[in-house]
Amino acid sequence: MAAGALAPDLDSHGVAAWVRGRPVVVGLVATVVLLVSIVLGVGLGSVQIGPNETVGVILWKTLGVRIGLDWSAASEAIIWDLRLPRVLTAMVIGSGLAVAGATFQGLLRNPLADPYVLGTASGAALGAAIAVLIPVQIVLIEFGLLHAFAFAGALLSAYVVFRLGGSGGAGGLTRLLLTGYAVGSVLAALLTMAMYVSGADLRQIFSFLLGGLAGASWARLVVAAPLIIGACVLMMVRSRSLDGLLLGDAAASHLGIDVRHERGILLALASLATAAGVAISGLIGFVGLVVPHVVRLVVGPAARRVLPISAIVGAALLSAADLVARLVGDVPVGVVMALLGAPFFLFLLQRTRSSYEL
Amino acid sequence: MTAVAPILAAHDVTVAYGDRRVVDAATFEVGGGERVALVGPNGAGKSSLLRAMTGVLRPSSGSVHLCGAPIDTVERSAVARTIAVVPELIQLPFEMPVHEVVALGRLPHEPPFTGLRTTDHLAVAGAMDRVGIAHLAHRDVRELSMGERQLVFIAVAVAQSAQILVLDEPTAHLDIRHQVDVMELLVDLNQRDGTTVVAVLHDLALAAHFFPRVAVLSGGRIVADGAPAATLGPEQIRSVFGVDPALVRLPVGAS
């Protein structure tokens, strides 16, 4: 509608313009891809399970509907207890990272920003590592602690970077990014140190560094999903502020946006979405960088379209990457993401006509 | 000079960065429906005074009133519905079509969550028409020339449909023909729509020709304020700008 009302001449940009005017079509296509990747992700693995059986078990367990098929108890256990929580966890974390990435890119007015650039993800990983080192044995508290520490770590590092690097206004973006790099390095060093002193917990902390979904379970998903989905929805609600902030602090403020307030809220939400994911999966790169990039190329820069579609694409991408990771022989998905994501990103950079300004 | 009750008023406003007083107890009132140019040499404090008067910079001392209320007590979005500001040139981080940038001018009017309504779309199309950039609607702002970009941000402010339009050097990147177009647009907005216009200008000839009131800022103080014939006389030009008045041919003799 937004473009349609004003855009009689779409010929100039052909297909791209047609797609751009129809974010709903893009959203629908992405949703179908998402559903297919659920069925594939749950069905494929060391034990292959057919799509009929997969859909049958999921429908029976979720809606109580039988579709006239039989399956073994083993299949049901594999589908319901092992693979489905893992696939859903990948999807939730993927959308959280993608939406957080889109938000960071908007807030920092920089296409190179992602949940890593301000040290946010590293801060979350360090927080989670510290939580692992604290000797608490009760399962529920342990999960709560993990998320609380990861969020605190993420927020604290984002805050420190913003304080030291200036808010990024008035040409200070380069300084902000360099500050993020430096703080991120300190956090990575601290994480290594945590590994060094961790003793028996080494394996778990090491997996935070590699980024993997082997630790996914219903119990963890139930804690993380509401945090991530809630944060993403709240970021989407603030889409227009994000659009306004693209013009820079002064202009946004002249358009009636309370810049400090809005930026603080959006930063906290993006940190929360990142941290709740990192607490389960550890550091997974490139989702938050590549997804918003691609989505923006297809539907344009308006946050109202970029955020929701990034959420769907991020979910599909990370679940697909995790499927690849499992099929190759249980490689950490963070490794797969980096191996596939980085070259793809380079390919994108080569193709884009427009220049990038820091 | 202000016959009407001031819609925007700065009283004894001082803006200081550290020890340096950029604006020094300046008093500057703008009446509803006026068209005022603010001129002065580089570093005179014009931009700082504007920033204080639009509520984005808190003065060290003094007060700014918008429609009679202290501006820092007025909600940001309410200020934005009353004052539209054309800022200095903006760089955009992403490819962005012109009509979507102009639509950002509707931000203070949009109800939350619903997005742009029909009235907003009309205002956006109207603003692009009026500024003369309708043919650029689907172009990427970053691909435009400096002058065209300047026009886009003027259109953003027009779409904001505020009572007061504040411009900081709106003609800085424009060629002479576009400079005159923008000046005529400002006159038209002022006379036809009753929009109050406050513009910082470097070009004294444009100020003198298109503005019935010209205020001169020097060393952070308003040193002259009134009709251009009085405020842009040879002695002001010599003392304020430090140049030989013969170099500046102003159309003030005619008015």
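Caption draft 1: Structural detail: the overall build of chain B. What chain B contains, in helices and strands, is 9 helices and 10 strands. What you see for chain B is a C-alpha radius of gyration of 18 Å, in line with the 18 Å of a compact globule of 255 residues. Projected onto its principal axes, the C-alpha coordinates of chain B cover approximately 55 × 40 × 35 Å. A burial count over chain B gives 55% of its 255 residues as buried. Considering only residue pairs separated by 6 or more positions, chain B has 67% of its internal contacts joining residues 24 or more positions apart. Of the roughly 10600 Å² of accessible surface on chain B, 52% is carried by carbon and sulfur atoms. Averaged over its 20 positive side-chain charges, chain B has a centre that lies 2 Å from the centre of its 27 negative ones.

Caption draft 2: Representation of the nonpolar core. Membership of the largest hydrophobic core comes to 141 residues, with the highest contact counts inside it found for A:Leu118, A:Met235, B:Val98, B:Val102, B:Ile133 and B:Phe211. Broken down by element, the residue count for this core peaks at 12 residues, all from helix H12 (residues 259-281) of chain A. Discounting residues that sit within four places of it in the chain, A:Leu118 has contacts with A:Phe104, A:Leu108, A:Ser157, A:Ala158, A:Val161, A:Phe162, A:Leu176, A:Gly180 and A:Leu267. Membership of the second largest hydrophobic core comes to 28 residues, among which are B:Ala52, B:Val200, B:Ala215 and B:Leu217.

Caption draft 3: Fine view of the pattern of salt bridges. Going through the model one piece at a time under the given rule, you end up with 20 salt bridges over all chains. Between B:Arg142 and B:Asp140 there is a salt bridge whose closest N-O contact spans 3.9 Å. The same class applies to B:Arg142 as to B:Asp140, namely buried. Taken together, the shared-partner salt bridges in this structure form one network comprising A:Arg86, A:Asp322, A:Arg326 and A:Asp330.

Caption draft 4: Broad picture of empty space enclosed by the protein. By the definition in use, this model includes 2 cavities of 30 Å³ or more. Of the voids in this model, the largest cavity is the one considered here, and its volume is about 80 Å³. Around the largest cavity sit A:Ala102, A:Gly106, A:Leu242, A:Asp243, A:Leu246, A:Arg296, A:Pro301, A:Ala302, A:Ala303, A:Val306, A:Leu307 and B:Phe94, which together line it. Those elements that provide at least two residues to the lining of the largest cavity are helix H4 (73-107), helix H10 (239-245) and helix H14 (303-327) of chain A. Among the elements that make up the lining of the largest cavity, the one with the highest residue count is H14(A) (3 residues). Taken as a whole, the second largest cavity holds about 70 Å³ of empty space. Forming the boundary of the second largest cavity are A:Leu247, A:Ala251, A:His254, A:Leu255, B:Val85, B:Pro87, B:Phe153, B:Val156 and B:Gln160. Put simply, the parts of the chain that give the lining of the second largest cavity at least two residues each are helix H11 (249-254) of chain A together with helix H5 (146-159) of chain B. Counted by class, the lining of the second largest cavity contains 7 nonpolar, 2 polar and no charged residues.

Caption draft 5: Structural view of the interface of chain B and chain A. Taken together, the 35 residues of chain B in the interface contact 35 residues of chain A. Carbon and sulfur atoms make up 63% of the surface buried where chain B meets chain A, a total of about 3000 Å² over both sides. Where chain B touches chain A, the interface holds 2 salt bridges. One salt bridge connects A:Arg240 with B:Glu110, and the closest N-O pair in it is separated by 2.7 Å.

Caption draft 6: Geometry of the sheet that holds strand E6 (residues 83-86) of chain B. Residue and element names in this part refer to chain B. Taken together, 6 strands build an open sheet; the order of strands is E6-E7-E8-E3-E9-E10 and the sheet is mixed. Edge positions in the open sheet fall to E6 and strand E10 (221-226), since each of these has one partner strand only. This sheet shows a mean twist of 15 degrees between the axes of neighbouring strands, independent of strand direction. Contacting E6 and strand E7 (164-168), H5 runs over the sheet at an angle of about 175 degrees to E6.

Caption draft 7: Structural context of the environment of B:Ala155. All names here are of chain B. Within the secondary structure, Ala155 is located in helix H5. Ala155 sits in the buried class, given a relative accessible area of 0%. With residues up to four places along the chain from it excluded, the contact list for Ala155 reads Val102, Ala127, Val131 and Ile133.

Caption draft 8: Structural view of the sheet that holds strand E5 (residues 69-70) of chain B. All names here are of chain B. Overall, antiparallel pairing links the 4 strands, which are arranged E2-E1-E4-E5 in an open sheet. Two strands lie at the open edges of the sheet, namely strand E2 (20-31) and E5, each paired on one side alone. One ladder, built from 2 bridges, connects strand E4 (residues 61-66) with E5; its direction is antiparallel. Bridge pairing links His65 to Pro70 in E5.

Caption draft 9: Examining the confidence of the model for chain A more closely. Chain-level statistics for chain A give a pLDDT mean of 81 and a share of 87% at 70 or above. In this model, residues 1-12 of chain A is a region of pLDDT below 50 whose contacts with residues beyond four sequence positions or in other chains number 11 contacts.

Caption draft 10: Structural view of the environment of B:Val214. In this structure, B:Val214 sits in strand E9 (residues 213-218). In sequence terms B:Val214 and B:Leu122 are 92 residues apart; their C-alpha atoms lie 34 Å from each other.

Caption draft 11: Expanded view of the pairing of E10(B). All names here are of chain B. Here E9 runs beside E10; their pairing, made up of 5 bridges, is antiparallel. By the bridge assignment for E10, Leu217 is matched with Ile222. Between E9 and the antiparallel strand that follows it, E10, lie 2 residues; Gly219 among them carries a positive phi value of about 55 degrees.

Caption draft 12: How the structure looks around the packing of helix H5 (residues 120-133) of chain A against helix H8 (residues 202-210) of chain A. All names here are of chain A. Two numbers describe how H5 lies on H8: the axes approach to 10 Å, and their chain directions differ by 170 degrees. On the basis of the axis angle, H5 is roughly antiparallel to H8. Taking contact as the criterion, the partners of Ala128, Ala129, Val132 and Leu133 in H5 are, on H8, Gln204, Ile205 and Phe208. Grouping the amino acids of the contact of H5 with H8 by side-chain chemistry returns 6 nonpolar, 1 polar and no charged.

Caption draft 13: The arrangement of a nonpolar patch on the surface in detail. All names here are of chain A. On the surface, a nonpolar cluster with roughly 630 Å² of combined accessible area is contributed by Leu133, Val186, Leu190, Met193, Tyr196 and Val197. The leading source of residues in the nonpolar patch is helix H7 (residues 173-196), at 4 residues. The class for Leu133 is partly exposed, based on a relative accessible area of 30%.

Caption draft 14: Expanded view of the packing of aromatic side chains. Applying the stated criterion across every chain yields a total of 2 aromatic pairs over all chains. A ring pair is formed by A:Trp80 and A:Trp218, whose centres lie 4.9 Å apart and whose planes are at 35 degrees; its orientation type is tilted. Pair noted here: A:Trp80 is in helix H4 and A:Trp218 is in helix H9 (residues 218-237), with a separation of 138 residues, a long-range link. The ring of B:Phe94 is capped by A:Arg296, whose NZ or CZ atom sits 3.8 Å from the centre of that ring.

Rules of the game
- Residues numbered from 1 in each chain as written.
- Chains lettered and ligands numbered in written order.
- Predicted model: local features only at pLDDT ≥ 70, side-chain atom pairs only at ≥ 80, totals over all residues.
- Heavy atoms only, no water.
- Helix = DSSP H or I, 4+ residues; strand = E, 2+ residues; numbered from the N terminus.
- Rg over C-alpha atoms; globule rule 2.2 N^0.38 Å.
- Buried < 20%, exposed > 50% of the residue type's maximum accessible area, 1.4 Å probe, protein only.
- Contact = heavy atoms within 4.5 Å.
- Areas by Shrake-Rupley, 256 points an atom, 1.4 Å probe, with all protein chains shown as cover.
- Lys, Arg positive; Asp, Glu negative; His and termini not counted.
- Charge placed at Lys NZ, Arg CZ, Asp CG, Glu CD.
- Core = buried A, V, L, I, M, F, W, Y, C linked by side-chain atoms within 4.5 Å.
- Salt bridge = Lys/Arg side-chain N within 4 Å of Asp/Glu carboxyl O.
- 1 Å grid on protein atoms, 1.4 Å probe; cavity = no way out; pocket = protein on both sides within 12 Å on 5 of 7 lines; lining within 4 Å.
- Points joined across faces, edges and corners; volume = space filled by probe spheres on them.
- Nonpolar A, V, L, I, M, F, W, Y, C, P; charged D, E, K, R; others polar.
- Buried area = accessible area lost by both parts, 1.4 Å probe.
- Pairing = 2+ DSSP bridges.
- Axes fitted to C-alpha atoms, helices over the stretch in contact; angles between N-to-C directions.
- pLDDT = per-residue confidence, 0-100.
- Parallel < 35°, antiparallel > 145°, perpendicular 65-115°, else oblique.
- Patch = residues over 30% accessible without salt bridge, like charges linked within 9 Å, V, L, I, M, F, W, Y side chains within 5 Å.
- Phe/Tyr/Trp six-rings, centres within 6.5 Å; stacked < 30°, edge-to-face > 60°.
- Lys NZ or Arg CZ within 6 Å of the ring centre and 35° of its normal.

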